[in-house]
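One-letter residues, chain by chain:
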Amino acid sequence: MTDSSSELHQDLRNAVGELCRRFPDTYWRELDAERAYPEEFVRTLTDAGYLAALIPEEYGGSGLGLMEASIILEEVNRAGGNAGACHAQMYIMGTLLRHGSAEQKQAILPKIAGGELRLQAFGVTEPTTGTDTTQLKTMAVRKGDSYVVNGQKVWISRAEHSDLMLLIARTTPLEEVKKKTDGLSVFLIDLRQAVGNGMTIRPLRTMMNHATTEVFFDDLEIPVDTLIGEEGRGFRYLIDGLNAERILIAAECVGDGRWFVERSCTYSKERVVFNRPIGQNQGIQFPISRAHVNVEAADLMRIRAAELFDDGKPCGAEANMAKLLAADASWEAANVAVQTYGGFGFAEDYDIERKFRETRLYQVAPVSTNLILSFIGEHVLGLPRSF
Ligand SMILES: Cc1cc2nc3c(=O)[nH]c(=O)nc-3n(C[C@H](O)[C@H](O)[C@H](O)COP(=O)(O)OP(=O)(O)OC[C@H]3O[C@@H](n4cnc5c(N)ncnc54)[C@H](O)[C@@H]3O)c2cc1C
């Protein structure tokens with residue numbers, strides 16, 4: 001990193017941190033209790049241009065790199081917020097940018113950059129096939145100038161708060177393709193037209209406030225120009241976006257981890273039991289120190305992965321390792337924070353339990369720890385393929 005880029009990064013951290021201070025713990029706590037979407041926060045972040053960080057300047061974005069985008073999301077989580085409410089726009093947009101037609105990009109990207117349209121929903125997971133994406137059952141069948149979509153998705157986050165959804169569906173039945181990764185296609189659906197006309201969204205209440213839903217398609221008709229790129233190549237487009245997704249989530253976990261470590265330090269210096277601050281006891285101090293070490297180590301891998309990504313170099317191994325290390329480190333730091341706070345770790349008013357629930361997600365989604373280990377085993381270490 002050059003001096004000027006590190007200065008730029010510090011300025012960016014300060015500016016995002018300042019914006020986040022307008023949304024204190026109480027803001028996130030109240031939303032969590034009501035399971036409500038952080039509408040005002042997302043609007044403020046969008047208006048400030050941060051969610052358009054990765055959109056090139058020619059489309060009205062700021063044309064920054066993935067490193068800068070990751071710093072934005074990290075700072076949101078480090079300030080006690082939850083970037084999960086809006087992170088997907090950053091990585092979903094990449095599919096449109098890389099594989100969309102000139103007309104699609106011109107029509108949509110400036111509106112996303114300007115905040116006129118939200119692209120926050122990504123429809124991949126299905127209830128019966130889960131991680132095994134190639135087996136997904138949702139079908140989009142060509143009929144004249146339209147595709148007719150039938151099927152079901154689950155865990156589709158932010159669908160009720162987005163104008164557009166990137167959907168992956170089968171366009172050629174599995175039995176008719178040579179490779180199981182063939183025959184899947186990606187569509188950009190206008191939710192404002194689709195909902196109520198063949199598409200239904202049902203909220204799913206989860207252990208944290210994540211605005212996630214299940215989605216049903218019942219003869220939903222979508223125009224052919226909603227297809228992104230070539231029909232049948234959707235799985236590859238999906239894979240192309242995964243490294244960015246992994247790195248951005250790793251940065252959020254680093255933000256969470258630092259928040260837990262900072263809170264644990266502050267609390268353990270203030271809380272006096274047996275006539276001494278609890279942080280004076282090495283039984284309390286050492287786990288916090290270890291959590292800090294692991295968060296900082298994970299951050300190095302996240303920086304390495306982001307630098308490779310921004311240089312256009314292969315970074316699949318680093319992006320996956322960053323996601324795994326950061327998700328583990330934030331989860332460890334979360335557990336340490338609960339232990340440090342004792343009973344108060346469970347009290348809603350201290351926010352530890354809320355962030356504990358929020359950061360737990362990243363062991364499972366958007367990709368689970370086992371699937372990352374499997375990627376490393378097979379693609380990095382050359383071990384025999386397991387599935
Ligand atoms: C809150 C939330 C938000 C989400 N948001 C979205 C979203 O916006 N869009 C979207 O498309 N999806 C979303 N997801 C789905 C998420 O990506 C999946 O839950 C995740 O990929 C795991 O899939 P699954 O739940 O079907 O688990 P399964 O595939 O059923 O797997 C269950 C467990 O078994 C393990 N497992 C499975 N196969 C193997 C194997 N071969 N070897 C070792 N272990 C294995 C998995 O790692 C996992 O731990 C979200 C999920 C949650 C909980």
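Above this text sits the structure in question.
Reading the values: rules and limits
Residues numbered from 1 in each chain as written. Predicted model: local features only at pLDDT ≥ 70, side-chain atom pairs only at ≥ 80, totals over all residues. Heavy atoms only, no water. Core = buried A, V, L, I, M, F, W, Y, C linked by side-chain atoms within 4.5 Å. Buried < 20%, exposed > 50% of the residue type's maximum accessible area, 1.4 Å probe, protein only. Helix = DSSP H or I, 4+ residues; strand = E, 2+ residues; numbered from the N terminus. Pairing = 2+ DSSP bridges. Near = heavy atom within 4 Å. Polar contact = N/O pair within 3.5 Å; in protein donor to acceptor, adjacent residues only side chain to side chain. Nonpolar A, V, L, I, M, F, W, Y, C, P; charged D, E, K, R; others polar. Contact = heavy atoms within 4.5 Å. Axes fitted to C-alpha atoms, helices over the stretch in contact; angles between N-to-C directions. Left-handed = near helix turned anticlockwise from the far one by under 90°.

Peer 1: Which parts of the structure should I look at to understand the nonpolar core?
Peer 2: One recurring pattern in soluble globular proteins: nonpolar side chains tend to sit buried together. The biggest cluster of nonpolar side chains holds 89 residues, and the ones touching the most others in it are Phe-41, Leu-45, Ile-55, Met-90 and Leu-188. The dominant element in this core, judged by the number of residues it contributes, is helix α8 (residues 234–270), at 13 residues. Counting residues in hydrophobic clusters, the runner-up holds 20 residues, among them Ala-140, Met-165, Phe-187 and Ile-222.

Peer 1: What should I look at first to understand the pairing of strand β3 (residues 146–154) in this one?
Peer 2: For a regular strand, side chains alternate in direction, first toward one face of the sheet and then toward the other. Strand direction decides the pairing type here: strand β2 (residues 139–143) and β3, joined by five bridges, are antiparallel. Bridged to Lys-143 within β3 is Ser-146. What sits between the antiparallel neighbours β2 and β3 is a turn of two residues, in which Gly-144 has the positive phi angle 60°.

Peer 1: Hey, could you run me through the site of the ligand in this one?
Peer 2: In the vicinity of the ligand, 20 residues are found, and the nearest of them are Phe-122, Thr-125, Thr-131, Trp-155 and Ser-368. At 2.8 Å, a backbone N or O of Phe-122 approaches a nitrogen atom of the ligand. At 2.4 Å, a side-chain N or O of Thr-131 approaches an oxygen atom of the ligand. When its residues are assigned to classes, the shell around the ligand shows 11 nonpolar, eight polar and one charged.

Peer 1: Quick question: what am I supposed to make of the pairing of strand β7 (residues 212–223) here?
Peer 2: Across eight bridges, the pairing between β3 and β7 is antiparallel. Across the sheet, the residue bridging to Val-154 is Glu-214, located in β7. Sheet topology note: the strand β6 (residues 199–204)/β7 ladder contains six bridges and is antiparallel. Of the residues in β7, the one forming a bridge with Ile-201 is Val-215.

Peer 1: Whenever I open this one, the side chain of Ser-185 confuses me. Can you help?
Peer 2: With respect to the helices and strands, Ser-185 occurs in strand β5 (residues 184–190). A residue is classified by how much of its surface remains accessible, and Ser-185, at 0% relative accessible area, is buried. Polar contacts involving the side chain of Ser-185 include one to the side chain of Thr-171, which spans 2.6 Å. In contact with Ser-185, other than residues within four places in its own chain, are Leu-167, Ile-168, Ala-169, Thr-171, Leu-227, Glu-231, Gly-232 and Gly-234.

Peer 1: Looking at this structure, I do not really get unusual backbone geometry. What am I missing?
Peer 2: With glycine set apart, most residues show a phi of negative sign, and most peptide bonds adopt trans. With an omega of -10°, the peptide bond running from Ala-365 to Pro-366 counts as cis. Notably, Arg-158 is not glycine yet its phi reads approximately 65°, a positive angle. One can find Arg-158 in the loop between β3 and β4 (164–170). Phi is positive for Ala-211, close to 50°, though the residue is something other than glycine. Mapped onto the fold, Ala-211 is located in the loop between β6 and β7.

Peer 1: Would you explain the packing of helix α1 (residues 3–21) against helix α4 (residues 66–78) in this entry?
Peer 2: The axes of two packed helices give the description: the angle between them and the distance between them. α4 packs onto α1 with a crossing angle of 35° between their chain directions and a minimal axis gap of 9 Å. The element α1 and its partner α4 pack so that their crossing is right-handed. Two secondary-structure elements touch here, α1 through Leu-8, His-9, Leu-12, Arg-13, Val-16 and Cys-20 and α4 through Met-67, Glu-68, Ile-71, Ile-72, Glu-74, Glu-75 and Val-76.

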